[in-house]
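Structure at a glance
So you can see what is in the structure, the chains are spelled out below.
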Amino acid sequence: MTTTDTHITDYTLPLSGLSCQGCVKKATKALEGIDGIRIENIDTQSVSLEALGESTEYPLRQAVNAIEALGYQVGEHYHLVLSGLNCGRCVAKVEAALNEQPTVFSHSVSKTHADIHTSLSLASIIQTIENLGYQVGYQHQLALSGLSCGHCVAKVERALDENDAVFDYQVSKDAATVRTTLSAETLIEAITSLGFEATLIDPSQETPSSTEPHQPQTETTEVDQQAERPPRTETSSSHSRMQFVLSGMTCASCVKSVETAISSVDGVANVSVNLAERSAIVKGDAAPDAIVEAVENAGYGAEKVEDDNDRRERQQHQQAAELKKFKRSTIAGLGLGGPIMAWGILGGSMTIQSSQDQWAWGSVAILTLLLLATGGRHFFANAWQALKHKRATMDSLVALGTGAAWLYSTAVVLAPALFPEQARHVYFEASAMIIGLISLGHAIEARARANTSKALDQLLDLQPPTALVIENGQETERPLDEVKQGMMLRVKPGAKVPVDGEVVDGSSYIDESMLTGEPVPVSKQQGDTLHAGTVNQKGSLTFKATGVGSDTMLARIIDLVREAQSSKPELAKLADRISAVFVPIVVAIALVTAAIWYVVGPEPSVSYMLVTATTVLIIACPCALGLATPLSVTAAVGRAAEVGVLIRDADALQTAAKLHTLVFDKTGTLTRGQPEVTHVKAINGDQARLMAIAASLEQHSEHPLAQAIVNYAKAQDLSLPTSNDFNSESGKGIQAQIDGTRYFIGNQAWMDAQGIETASYQSDIDAMTQRGETAIYLANADSVQALIGVSDPIRDDAIDAVANLQSQGLEVIMLSGDHPDTANAIGRQLGIDHVIAGVLPDGKSEQIQQLQQQGKRVAMVGDGINDAPALAQADVGVAMGSGSDIAIESAQITLMHQHLGALANAIALSQAAVRNMKQNLFGAFIYNTLGIPVAAGILYPFTGMLLSPVIAGGAMALSSITVVTNANRLRFFKIKSNNK
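In this report, we go over the structure that sits alongside the text. (Residues numbered from 1 in each chain as written. Predicted model: local features only at pLDDT ≥ 70, side-chain atom pairs only at ≥ 80, totals over all residues. Heavy atoms only, no water.)

1. Notes on the overall build of the chain
Applicable threshold: In DSSP terms, a helix is any run of H or I states spanning at least four residues, a strand is any run of E spanning at least two, and both are numbered starting from the N terminus. Residue exposure (1.4 Å probe, protein chains only): buried if accessible area is under 20% of the type maximum, exposed if over 50%, otherwise partly exposed. We call two residues contacting when some pair of their heavy atoms lies within 4.5 Å. Residue burial considers only the protein chains on display, and all accessible areas are found by Shrake-Rupley using a 1.4 Å probe.
Counting secondary structure elements, the chain contains 34 helices and 40 strands. Taking all 980 residues of the chain together, the buried fraction comes to 53%. Across the chain, contacts joining residues at least 24 apart in sequence account for 69% of those joining residues at least 6 apart. A total of about 43000 Å² of accessible surface is found on the chain, and carbon and sulfur atoms cover 53% of it.

Structure follows, in C-alpha cells:
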C-alpha cells in the first residue's frame, strides 16, 4: 500500500477463486461501478487499485464486498488463538488496532480468539496484535525421532512452511519448537504423517506463546542463532550411538514391543530395531544398562556390543546357537511326527477304540509332551512371556495350536467315554509335525538371513587386524587397536591399508575398488590421502595415521550402511500397523471358527472344531509380514555398498524408486570441473609465442580460466616472457607490458573498453559458443592477436549416463551458472533439452523447489559442498565425490566414485528393492488373506475338504522361507558396467 500527496492510495489485494479471464471480466465490471476506486491492474491472482480521497476505507470495503458478492475471495481469513487479554478493554484495544488498518475488512475478537478477514500478511497481523503486548498462537516444544539427516529436517520444515497455521518454528534432528494455532495433537499428527515420531516434551507447555514473532535469519550470526534456539532435553551433539544384539524376537509385533520398551527409557532420542538381524541401534544419552533392563522387562534379551566386529561375533554366535536349536527341533519333530503321520496315511487307526489303544497312544502322548517340552520349549516360553506382558506373537499362535491339539488328544486317550465315538481321533502327529516343520522353516530362514548381511561383513573384513608401525626406525607389527593418530606406518606391496593416513614417503598405485567401486588403481605419492581397507599394489608407502578406529572413512561408511539397513521405509509402516493387531485378530478368528463348527458343523463337531481352530492358528504367519521389508532393505543397501553407492536410509531407497526428475549441477558433475584450453586461433603471429604471452599475463590471476591457460603453457613446455606494469579489472581482463608492447587479455567487455575492434571475429566466437567454449581475446593496442577457447570438458561417461537415465523415463535437467548460450551448447552435447542457466549457487535450492511445486519428485546431483542447500531441498540428494565427509553428510545417496553410470544403477536398484518389498508384502498379505479362510473351512461346503494342521504348519514355514529367499535375490542384482 502506498499513498501520494494527491490523496491517491494504492492497494494490492490478493484474489482467489478466479479461474479464467471471464472471471476477471466479471470482477472488473463490478469494480468499475464503485466511486473512488480506479483499477490499475487485475488478473486471476490479484487486483491493484487506486483509492481516491482522504478516506479510503469505505470505497475499499465496497470493492471487497463487490468481488465477494460474485463468489470470489479477497485476501485471507485468519483464525488466531490469543492470550494475555484479561478484560473487555483488552479486546477493545485489539479491535481499535485492527480498525486502523484499511485492509482489515472485517474482524471478530474475543479474549481467546480472533477471526480476521484482511489482505495483510499473517506476519503483519501478528505484529499488530503483539505490539499491544498480547500474544498470538501456542508454542509447542516437541521431541522428535527418526530424523537422521538434514534432508529429514528440511522435510519437516517444508511441511511447516506449507501450513498457514504455523508462523514460527525451530527444527533440529531431535527437537522442534513451533508457534502455531494448531493443537499439539494436530501438530504431532502432521509430523507423524511424514514418517517421523513426535511427542510433546512437557504437556504443561501447551499454553499460549510469549515469544517474539518469526524473523528472517539470513543476517543472524551463528552465535545469535544458538542463543535463539529453544532449550532441549538433549542436543544432537550429546547423542551417542549404541548397538545391541537382541534375542527372543520372532515377528513384527516383537519389534514394536522392543522399540516401545527402549523408547520409554529416559535419554533415548531414537531407536531402530531390525528383525532380520535381531539388532537395535539406539541414539541418545541413556544408560546402556537401563536399555538392557527395559528390553528384558519386556520379555526379550539384549546385549550391548562395542563395535561392528563385536556385533558380528555375537550375532554369529547367536545365529549358530539358533541354527543348532532349530535343527534339533526339526529332527525331533519330524522324527516323531513323520512315522505317526505315515501310520495314519497307510491306513492305521488314529482313534481310541480300546484300552490297548489307550496304552499305545498314551505312550505317544508322553513322547509328544517331551517333544513340546524340549524341541518346542522356546515356542511356549516365548508365548508365556508375551502373555505376561499382555501381547501376542507368532509363538503364541504356535503354542496355542500345538498345545490345543495335544490337550485334546490326551483328553481323548485318558477319557474316551466323554467324547462321541466319531470324535475319538487323536492329533499327536499334528503337534509333532508342526513343531518340526516350523523349526525347519526357522532354520532355513536363519541361514538365509545370515546371508543378507554378507555385504556389511565384507566391508568389515576389509580392515586388516594388524598394522606395521615405525618407531625409532624399527618396524613392528602391532594390533590395530594400538594404532594411534599421528603414528608413522608402512604398507607393503599387496597389503591392505590399515587406517586412514597421508603419504609421507614413496609412491604406488592403490586399488580403491572395494570402497568406491572404481576398478582403476589410483596413483598415490607424497601428500596424497590413503583410506583404510584399500590395497597397495606395487610400491612401498610410508604414511602418517590421520584417522583410526571409528574415525576412518571405512568405519563411517560401515556406520552409514548399518543405520540404513536398520531404517524403515514408508512401506514398513503399513506392515507395522497390521502386525500390531494381527495375532489378536487371528486368535479371534480361531475362536469364531471353533464356535461356528461346534454349533453348525457336522458330527463329530468337536473334532471339526479342533481341527479348524488349530489350523487357523498355525497357518497365520506374522513372521512373513515382519520380514517383508527389513530383509529387502538390508539386502539392497548392502548390495549398493558393494558397488560404491551409499544409501543413507530406507526412505531414500523408496523415494529414489519414484523419481520423476534428475537435476544435475554442471561443473564437476557433468563436466570434469577443471577448465582446459580446447581451441586456439592465432591471428597475428606464432601460436606458441602468443600462448606464452597469454600465460605470462594470466599467471598473475587465480581465476579458473586463467589457470587453464597457464596449465596449457606448462603442458606445452612454453617459456614465459617477463611481464611488468600489470593491471587488472575484475570481471573483464588483464593488461601488462611485455618486451615493450602492451597486451590485453580478457572478454568482449574488456576489448570494448580498450577500443579494440572484434566484429570481424564474430563467426569464430559464435563457433566457440556453439561448442560450449568461453572465448578469451588476446590483443595488443592495435588489434586482436589470438582467440582462445576455454571449456570445462564433459566427463567421458556423462553422455552415456544421461542417455541411460532418459531411457528409464527420467527427465534430466542441467543447472549452470554459465551464460545461456554456453550452457545450452553443453546441454546439446549431453543430449539434455532442459537447461537452466545463469543460476547462482544460492539459487539452486529455489529451482529445486519450483520443480517440486509442479508435483515432481526431484533428485539433485551435485558435489555435496556448494550444492548442499539444493541437496537438502531435493526429495533425494545425490552427492558425487570420492567419499568426502561433506559429500557423505550432505546427501541421501553418495556415489563413492566418479562414474555417473552408478546413478542409473542406484535408481535401478532402488526400484528393484521397492518391487521386492511390494512382492514380499503382497505375498504375505495374500498368503494370510487366502490361507486363514481356507484353514477356517470356507471351502468345505463346496469341496468337502478341510486343511490339515500339518499342511498349515508347512505352509507357514514356507511363507517365511519364500520372503527371505525373495529378498536375498537383491544380493545378486545385476550392476551395469560403469565403464563405457
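2. Let's talk about a nonpolar patch on the surface
Note the following rule: Each patch groups residues whose relative accessible area exceeds 30% and which form no salt bridge, using 9 Å between like charges and 5 Å between nonpolar side chains of Val, Leu, Ile, Met, Phe, Trp and Tyr. Salt bridges are counted wherever a side-chain nitrogen of Lys or Arg sits within 4 Å of a carboxyl oxygen of Asp or Glu.
Residues Val592, Ile596, Tyr598, Val599 and Val600 make up a contiguous nonpolar surface patch of roughly 530 Å² in combined accessible area. Mapped onto the fold, Val592 is located in helix α18 (residues 570-600).

3. Let's talk about the pattern of salt bridges
Under the definition given, this model contains 11 salt bridges. Its salt-bridge partner being Asp739, residue Arg689 comes within 3.0 Å of it at the nearest N-O pair. Placement of Arg689 in helix α23 (residues 687-698) and of Asp739 in the loop between β32 (733-738) and β33 (741-746) is noted, with a sequence separation of 50 residues between them. With its nearest N and O atoms 3.1 Å apart, the salt bridge here joins Glu773 to Arg771. You can call Arg771 partly exposed: its relative accessible area is 36%.

4. A look at the sheet that holds strand β24 (residues 522-524)
The test is simple: What makes two strands pair is DSSP finding at least two bridges between them.
Read from one edge of the open sheet, three strands run β24-β23-β26, paired in antiparallel fashion. Each of the sheet's edge strands pairs with one partner strand only, and the pair in question is β24 and β26 (535-536). Relative to β24, strand β23 (residues 508-511) runs antiparallel, the two sharing three bridges. Among the inter-strand pairings, Tyr509 is bridged to a residue of β24, identified as Ser523.

5. Remarks on α23
Here is the rule we go by: Take the number of residues in a helix, subtract one, and multiply by 1.5 Å to get its expected span. Under this definition, polar contacts are N or O atom pairs within 3.5 Å; protein pairs additionally need one hydrogen-donor-capable and one acceptor-capable atom, and for neighbouring residues in sequence, both atoms have to be side-chain atoms.
Here α23 is 12 residues long and its end C-alpha atoms lie 16 Å apart, about the 16 Å a rise of 1.5 Å per residue gives. Here α23 lies mainly inside the structure; nine of its 12 residues are buried. Taken as a whole, α23 has its buried residues at Leu690, Met691, Ala692, Ile693, Ala694, Ala695, Ser696, Leu697 and Glu698. The backbone nitrogen of Ala688 has a side-chain oxygen 3.2 Å away, supplied by the residue at the start of α23, namely Asp686.

6. Remarks on the nonpolar core
Put simply, the test is: Buried Ala, Val, Leu, Ile, Met, Phe, Trp, Tyr and Cys residues form a nonpolar core when they are joined through side-chain atoms within 4.5 Å.
Among the nonpolar cores identified, the biggest contains 49 residues, and Trp361, Phe428 and Val586 are the most heavily contacted of them. Only α10 (308-345), α11 (355-373), α13 (394-414), α14 (428-452), α18, α19 (605-619), α32 (901-936) and α34 (949-968) provide two or more residues apiece to this core. Ala823, Leu830, Val861 and Ala906 belong to the second-largest nonpolar core, a separate cluster that totals 48 residues.

7. Things to note about the packing of α19 against α32
For clarity, the threshold we go by: Note on method: axes are straight lines fitted to C-alpha atoms, helices fitted across the in-contact stretch only, with angles between N-to-C directions ranging 0 to 180 degrees. By definition in this entry, angles of less than 35 degrees are roughly parallel, angles greater than 145 are roughly antiparallel, angles of 65 to 115 are roughly perpendicular, and the rest are oblique. Throughout, a crossing is termed right-handed when the near helix is turned clockwise from the far one, and left-handed when it is turned anticlockwise from it by less than a right angle.
Where α19 meets α32, the axes come as close as 8 Å, and the angle between the chain directions of the two elements is 165°. Regarding the angle of α19 to α32, the classification is roughly antiparallel. For the crossing formed where α19 meets α32, the hand is right-handed. Here Thr612, Thr615, Val616 and Ile619 of α19 come into contact with α32, specifically with Tyr927, Asn928, Gly931, Ile932, Ala935 and Ala936.

8. What to know about the packing of aromatic side chains
Keep this limit in mind: Only Phe, Tyr and Trp rings take part, Trp by its six-membered ring, and two of them pair if their centres are within 6.5 Å. Stacked means planes under 30 degrees apart, edge-to-face means over 60, and tilted covers everything else. To sit over a ring, a charge needs its Lys NZ or Arg CZ within 6 Å of the ring centre and within 35 degrees of the ring normal.
Throughout the structure, instances matching the rule amount to four aromatic pairs. Here Trp361 and Phe428 contribute two aromatic rings whose centre-to-centre distance is 6.3 Å and whose plane-to-plane angle is 20°, an arrangement assigned as stacked. Of this pair, Trp361 sits in helix α11 while Phe428 sits in helix α14, placing them 67 residues apart in sequence. A relative accessible area of 9% places Trp361 in the buried class. Using a relative accessible area of 0% as the deciding quantity, one classes Phe428 as buried. Taken together, the ring pairs connect Trp597, Tyr608 and Tyr940 into an aromatic cluster. When the ring centre of Phe326 is taken as reference, the NZ or CZ atom of Lys325 above it lies at 5.2 Å.

9. Things to note about the layout of surface pockets
Heads up, the rule is: Put simply, the grid is 1 Å and covers the protein atoms alone, a cavity is a trapped set of points that fit a 1.4 Å probe, a pocket is an open set with protein on both sides within 12 Å along at least five of seven lines, and lining residues have an atom within 4 Å of a point. Grid points are joined across faces, edges and corners, and a volume is the space filled by probe spheres set on the points. Residues are grouped as follows: Ala, Val, Leu, Ile, Met, Phe, Trp, Tyr, Cys and Pro are nonpolar; Asp, Glu, Lys and Arg are charged; every other residue, Gly included, is polar.
Computed from the structure, the second largest pocket encloses a volume of approximately 950 Å³. Within the lining of the second largest pocket, the residues separate by chemical class into 12 nonpolar, 18 polar and eight charged.

10. Digging into the sheet that holds strand β6 (residues 76-83)
Strands belonging to one sheet form pairs held by backbone hydrogen bonds; the direction of such a pair is parallel or antiparallel. One open sheet holds the four strands; their spatial order is β7-β8-β6-β9, and the pairing between them is antiparallel. Every interior strand has two partners, whereas the edge strands, β7 (104-109) and β9 (135-136), have only one. Sheet strands in contact with helix α3 (residues 88-99) are β7 and β8 (113-118), and its direction is about 175° off that of β7. Together, β6, β7, β8 and β9 form the strand contacts of helix α4 (residues 122-130), whose direction differs from that of β6 by roughly 30°.

11. Looking at the environment of Thr678
If you trace the backbone, Thr678 turns up in strand β30 (residues 676-682). Thr678 sits 111 residues away from Gly789 along the chain, and the two C-alpha atoms are 5.7 Å apart. Setting aside residues no more than four positions away along its own chain, Thr678 makes contact with Glu773, Gly789, Val790 and Ser791. Of the polar contacts made by the side chain of Thr678, one reaches the side chain of Glu773; its length is 2.9 Å.

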